[in-house]
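Chain by chain, the residues run as shown.
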Amino acid sequence: QAAIGGHHMARYNLGGIEWENGRTDRAVKHWIIAANLGDDEALGTLRGCYDVGFVSKENFSATLRAHKAALDATKSPQREAAEVFYASC
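Rules used throughout
Residues numbered from 1 in each chain as written. Predicted model: local features only at pLDDT ≥ 70, side-chain atom pairs only at ≥ 80, totals over all residues. Heavy atoms only, no water. Patch = residues over 30% accessible without salt bridge, like charges linked within 9 Å, V, L, I, M, F, W, Y side chains within 5 Å. Areas by Shrake-Rupley, 256 points an atom, 1.4 Å probe, with all protein chains shown as cover. Salt bridge = Lys/Arg side-chain N within 4 Å of Asp/Glu carboxyl O. Helix = DSSP H or I, 4+ residues; strand = E, 2+ residues; numbered from the N terminus. Axes fitted to C-alpha atoms, helices over the stretch in contact; angles between N-to-C directions. Parallel < 35°, antiparallel > 145°, perpendicular 65-115°, else oblique. Left-handed = near helix turned anticlockwise from the far one by under 90°. Contact = heavy atoms within 4.5 Å. Nonpolar A, V, L, I, M, F, W, Y, C, P; charged D, E, K, R; others polar. Buried < 20%, exposed > 50% of the residue type's maximum accessible area, 1.4 Å probe, protein only. Core = buried A, V, L, I, M, F, W, Y, C linked by side-chain atoms within 4.5 Å. Phe/Tyr/Trp six-rings, centres within 6.5 Å; stacked < 30°, edge-to-face > 60°.

Participant: Hey, could you go over a nonpolar patch on the surface for me, with residue numbers and the actual values?
Facilitator: Taken together, W19, V52 and F54 make up a surface patch of nonpolar side chains, about 300 Å² in accessible area. Counting through the fold element by element, W19 comes out in helix α1 (residues 8–20).

Structure (structure tokens):
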């Protein structure tokens, strides 16, 4: 249910389970969704899958753009100020 609800780590973990069960196409789909939600580990895993041919150039490019958009959507001046504050503690 967490994966359906949009939890990126749940999607990433489902991808790992699918991969271990030999369902590489489903694993890649889960990792793409996780990366689109901003998960850095999923993006790294997809990069490896792209290198060996499990992910097309078009899908990987689209995922990179969606990942960047997800990260940009979480940026705000308040978050940046909080990071500076907590780093100084």
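That covers the picture; the talk isn't over yet.
Participant: Now, about the packing of α1 against helix α2 (residues 24–36): what can you tell me, with residues and values included?
Facilitator: Across the interface, α1 lies against α2 with an axial gap of 8 Å and an inter-helix angle of 165 degrees. With respect to each other, α1 and α2 are oriented roughly antiparallel. In the crossing of α1 with α2, the sense of the turn from one axis to the other is left-handed. Listed contacts from α2 to H8, R11, Y12, L14, G15, G16, E18 and W19 of α1 are T24, R26, A27, H30, W31, I33 and A34. The class makeup of the residues in the contact of α1 with α2 is seven nonpolar, five polar and three charged.

Participant: A description of the environment of L46 should follow, citing residues and the corresponding values.
Facilitator: Tracing the backbone shows L46 in helix α3 (residues 40–52). Relative accessible area serves as the criterion here: at 1%, L46 is assigned to the buried category. Through-space distance from the C-alpha of L46 to that of F85 is 34 Å; in sequence the pair is 39 residues apart. L46 has contacts with V28, W31, I32, A35, V55, F60 and T63, leaving out every residue within four places of it along the chain.

Participant: I'd like a rundown of the nonpolar core, residues and numbers included.
Facilitator: One finds A27, V28, W31, I32, A34, A35, A42, L43, L46, C49, V55 and F60 forming the largest nonpolar core, which totals 12 residues. Elements with a contribution of two residues or more to this core: α2 and α3. Looking at this core element by element, the count peaks at six residues for α2. When near neighbours in sequence (up to four residues on either side) are disregarded, I32 contacts L46, N59 and T63.

Participant: Break down the packing of aromatic side chains for me, with residues and values.
Facilitator: Each aromatic ring pair is summarised here by two numbers: the centre-to-centre distance and the angle between the ring planes. The tally for this structure, following the rule as stated, stands at five aromatic pairs. Judged by centre distance (6.3 Å) and plane angle (40 degrees), the rings of Y12 and W31 are tilted. Of this pair, Y12 sits in helix α1 while W31 is found in helix α2, placing the two residues 19 residues apart along the sequence. Y12 gets classed as partly exposed once you look at its relative accessible area, which sits at 22%. Seen from their ring centres, Y50 and F60 are 5.0 Å apart, and the 10 degrees between their planes marks the pair as stacked. Pair noted here: Y50 is in helix α3 and F60 is in helix α4 (residues 57–73), with a separation of 10 residues, a long-range link.

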